Amino acid sequence: MIGLNHAGTGIIIALTVRRPEFAIPLALVSHFVLDMIPHSLVAPVRKYMAPYLVIEAIGATVLTLICMIAFPSLWLLIGFCAVAAYSPDFLWPFYYKSKLGSKPFFREFFAFHKKIQWSETYRGWLVEVLYFSVVLIFLTTYKI
Ligand SMILES: [Zn+2]
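Residues numbered from 1 in each chain as written. Predicted model: local features only at pLDDT ≥ 70, side-chain atom pairs only at ≥ 80, totals over all residues. Heavy atoms only, no water.

Visitor: Go over the coordination of the zinc ion, please, and point to the residues and values.
Guide: Within the protein, His31 (NE2), Asp35 (OD), Asp89 (OD) and His113 (NE2) serve as the donor atoms for the zinc ion, at 2.0 to 2.4 Å. Coordination at the zinc ion is irregular, judged from the 4 donor atoms that bind it and the angles of 87 to 175° they form at the metal. Sequence spacing of the donor residues for the zinc ion, all on one chain, is H-x3-D-x53-D-x23-H. Residue histidine 31 is found in helix H2 (residues 20-36), and its partner aspartate 89 is found in the loop between helix H4 (75-86) and helix H5 (92-97); the two are separated by 58 residues along the sequence. The class of aspartate 89 is buried, set by a relative accessible area of 6%. (Donors = N, O, S within 2.8 Å, 3.2 Å for Na, K, Ca; no water. Tetrahedral: all angles 85-135°; square planar, octahedral: opposite > 155°, others 65-115°. Helix = DSSP H or I, 4+ residues; strand = E, 2+ residues; numbered from the N terminus. Buried < 20%, exposed > 50% of the residue type's maximum accessible area, 1.4 Å probe, protein only.)

Structural data, given as structure tokens:
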């Protein structure tokens, strides 16, 4: 899924779970669960992958900063959970631009991360938009 949805899910986990020892690992696991849901095909041309990931990171960062300000008592956990929920996608540039993808552990990690995204389609943008709508409704109506 796109970075906004990963970060938004991490933020929701931070707000609802509130205990770092559970929330941060759960946020990391949420990344792979969301990637299993049919979602958008992103950057089909590899040369646009890096600029696309930068735009995604900016969107996820802005959402995270707004939520850190909106829920000041949980700002640190929100930050950690948003990063944990988005972090596996930080590794994609290393997969395409370095030999990291051929090293032990990372080879299996990238194979797994690719395999679970079996359902990427252009129509998946509809799922992304619907999911983000739910995230936005939750975040704008949530009371601590
Ligand atoms: Zn991913």
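Now that the structure has been shown, the text picks up again.
Visitor: Describe the packing of H2 against H4, naming the residues involved and giving the relevant values.
Guide: In contact at an axis separation of 6 Å, H2 and H4 are set at 30° when each is read in the N-to-C sense. Comparing their axes, H4 and H2 come out roughly parallel. Every pair of crossing elements has a handedness; the one defined by H2 and H4 is right-handed. Contacts between H2 and H4 involve Pro20, Ala23, Ile24, Ala27, Leu28, Ser30 and His31 on the former and, on the latter, Leu77, Phe80, Cys81, Ala84, Ala85 and Tyr86. Its residues assigned to classes, the contact of H2 with H4 comprises 11 nonpolar, 2 polar and no charged. (Axes fitted to C-alpha atoms, helices over the stretch in contact; angles between N-to-C directions. Parallel < 35°, antiparallel > 145°, perpendicular 65-115°, else oblique. Left-handed = near helix turned anticlockwise from the far one by under 90°. Contact = heavy atoms within 4.5 Å. Nonpolar A, V, L, I, M, F, W, Y, C, P; charged D, E, K, R; others polar.)

Visitor: Could you give me a rundown of unusual backbone geometry, with the residues and numbers involved?
Guide: We note that arginine 18 has phi near 70°; this positive angle belongs to a residue other than glycine. Relative to the elements of secondary structure, arginine 18 occurs in the loop between helix H1 (3-17) and H2. At phenylalanine 105, a residue that is not glycine, the phi angle is positive and equals roughly 75°. Turning to its location among the elements, phenylalanine 105 is positioned in the loop between H5 and helix H6 (106-115).

Visitor: Before we move on, could you go through the pattern of salt bridges and cite the residues and values that matter?
Guide: Tallied over the full model, the rule gives 2 salt bridges. Taking the shortest distance from any N to any O, the salt bridge between glutamate 21 and arginine 19 comes out at 2.7 Å. Residue classification places glutamate 21 among the partly exposed positions, given a relative accessible area of 44%. Since its relative accessible area comes to 46%, arginine 19 is described here as partly exposed. With its nearest N and O atoms 3.6 Å apart, the salt bridge here joins glutamate 108 to arginine 107. Exposure remark for glutamate 108: the relative accessible area of 44% places this residue in the partly exposed category. (Salt bridge = Lys/Arg side-chain N within 4 Å of Asp/Glu carboxyl O.)

Visitor: Summarise the nonpolar core; cite the residues concerned and give the values.
Guide: Membership of the largest hydrophobic core comes to 24 residues, with the highest contact counts inside it found for Ile11, Leu15, Cys67, Ile78 and Leu139. The set of elements that each furnish at least two residues to this core consists of H1, H2, helix H3 (49-70), H4 and helix H7 (124-141). (Core = buried A, V, L, I, M, F, W, Y, C linked by side-chain atoms within 4.5 Å.)

Visitor: Before we move on, can you summarise the side chain of aspartate 35 with the specific residues and values?
Guide: Checked against the element boundaries, aspartate 35 lands in helix H2. In this structure aspartate 35 is buried but unpaired, with lysine 114 as the nearest side chain of opposite charge at 13 Å. A polar side-chain atom of aspartate 35 sits 2.9 Å from a polar atom in the side chain of histidine 113. A distance of 3.3 Å separates the side chain of aspartate 35 from the side chain of glutamine 117, its partner in a polar contact. (Lys, Arg positive; Asp, Glu negative; His and termini not counted. Polar contact = N/O pair within 3.5 Å; in protein donor to acceptor, adjacent residues only side chain to side chain.)

Visitor: Explain the packing of aromatic side chains residue by residue, including any values.
Guide: For the coordinates displayed, the defined rule picks out 11 aromatic pairs. Each ring, one from phenylalanine 105 and one from phenylalanine 106, has its centre 5.2 Å from the other, and the planes form 80°; the classification is edge-to-face. With a centroid separation of 6.3 Å and an interplanar angle of 20°, the aromatic rings of phenylalanine 105 and phenylalanine 109 are classed as stacked. Overall, phenylalanine 105 belongs to the exposed group, its relative accessible area being 55%. (Phe/Tyr/Trp six-rings, centres within 6.5 Å; stacked < 30°, edge-to-face > 60°.)

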